[in-house]
Amino acid sequence: MGDDAGHKVWDHVLATVLRLPGAKVDRASFLRSALTPHFSASDVERAIRTTPAKAGLDPAAIRAAAKSSIRWHRAGVTAISFAGGVPGGWWIAGTIPADLVQYFWHVLVVAQKLAYLHEWPSLFGDGVNVDDTQLVLTLFVGVMLGVHGASEALGGFSTAAFTKLALYRAAKAVKRLIAASLTKKGFAESIGRAVPLVGGVVAGTFTWMAFGKGCQRLIEHLEPQPLAEP
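Residues numbered from 1 in each chain as written. Predicted model: local features only at pLDDT ≥ 70, side-chain atom pairs only at ≥ 80, totals over all residues. Heavy atoms only, no water.

A. Structural context of the overall build of the protein chain. Helix and strand counts for the protein chain stand at 10 helices and 0 strands. If you list the helices and strands of the protein chain from N to C, you get α-α-α-α-α-α-α-α-α-α. Counting all 230 residues of the protein chain, 50% fall into the buried class. The long-range share in the protein chain, meaning contacts at least 24 apart out of those at least 6 apart in sequence, stands at 70%. Here the protein chain displays about 10,400 Å² of accessible surface, and carbon together with sulfur accounts for 56% of that area. (Helix = DSSP H or I, 4+ residues; strand = E, 2+ residues; numbered from the N terminus. Buried < 20%, exposed > 50% of the residue type's maximum accessible area, 1.4 Å probe, protein only. Contact = heavy atoms within 4.5 Å. Areas by Shrake-Rupley, 256 points an atom, 1.4 Å probe, with all protein chains shown as cover.)

Here it is, written out as structure tokens:
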């Protein structure tokens, strides 16, 4: 599969998922829901205006909120099955298997939630560049999959250490891996580090472990990062 085709695969999946209800997480609403059980209303509102870390919130409680989100989405992806398989040419016809869309819905939503619990501002809304948001989400997935360079590139949004060209190159590497993993042959070659599609059916234990490992990678990236400016 050529680079252009590979990019179209992920772009198509991403665009489809983002059209689903709940796929674009409202930062303020989520932080109120996640932080209210642990902090006072004034602390929560201060975290929304700035970030949880800048508001001085207890890191242990922030991690507990992150783990709660991970548990919910982990249960969701583990329950998904691909009864019809994932043929290599599905994307050519423009028809994405519903369960595959559901899987990436969980991946993208939990990524946004983990980002908002740390230093990231809203990725959607007025004044936010759509292309930058899609690039950030792609790199989030890359970090979760362990794609080389994804974490460093994502950090470039806050440190200006990377040029836009470097960011797009890192995103291209993520797209190639995802596209390759969305075929049976590609998955056989990348099992253990890509999307867990096993024989057309998601294996619960493997998915549970892979999703959890991906979330842990993202948390480890996010915790030490300064405020991001996508």
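Next comes the rest of the write-up.
B. Main features of the side chain of Arg27. With respect to the helices and strands, the residue Arg27 is situated in helix α2 (residues 27-35). Among buried Asp, Glu, Lys and Arg side chains, Arg27 stands out as unpaired, with Glu119 the closest opposite charge at 7.6 Å. If we ignore the near neighbours within four places in the chain, the residues touching Arg27 are Ala47, Ile48, Thr50, Thr51, Tyr116, Trp120, Pro121 and Ser122. (Lys, Arg positive; Asp, Glu negative; His and termini not counted. Salt bridge = Lys/Arg side-chain N within 4 Å of Asp/Glu carboxyl O.)

C. Representation of the side chain of His73 in the model. Structurally, His73 can be placed in helix α4 (residues 59-78). Here the side chain of His73 touches His106 through a polar contact of 3.1 Å, side chain to side chain. When near neighbours in sequence (up to four residues on either side) are disregarded, His73 contacts Trp105, His106, Val109, Val110, Lys113 and Phe211. (Polar contact = N/O pair within 3.5 Å; in protein donor to acceptor, adjacent residues only side chain to side chain.)

D. A look at the pattern of salt bridges. Taken as a whole and assessed by the stated rule, the structure comprises 4 salt bridges. Between Asp11 and Lys175 there is a salt bridge whose closest N-O contact spans 3.0 Å. A residue pair is termed long-range when its members are at least 10 positions apart, and Asp11 in helix α1 (residues 3-18) and Lys175 in helix α8 (residues 164-181) qualify at 164 residues. For Asp11, a relative accessible area of 36% gives the class partly exposed. Arg46 is the partner of Asp43 in a salt bridge, and the nearest nitrogen-oxygen pair spans 2.4 Å.

E. The environment of Pro121, seen in detail. Within the secondary structure, Pro121 is located in the loop between α5 (98-117) and α6 (130-145). With a relative accessible area of 25%, Pro121 lands in the partly exposed category. In the structure, Pro121 is positioned 71 residues away from Thr50 in sequence and 8.3 Å away in space, judged by C-alpha atoms.

F. Highlighting α5. The end-to-end C-alpha distance of α5, which contains 20 residues, comes to 29 Å, matching closely the 28 Å that a straight helix rising 1.5 Å per residue would cover. Burial of α5 is extensive: 17 of the 20 residues sit out of reach of the surface. (Expected span 1.5 Å × (residues − 1).)

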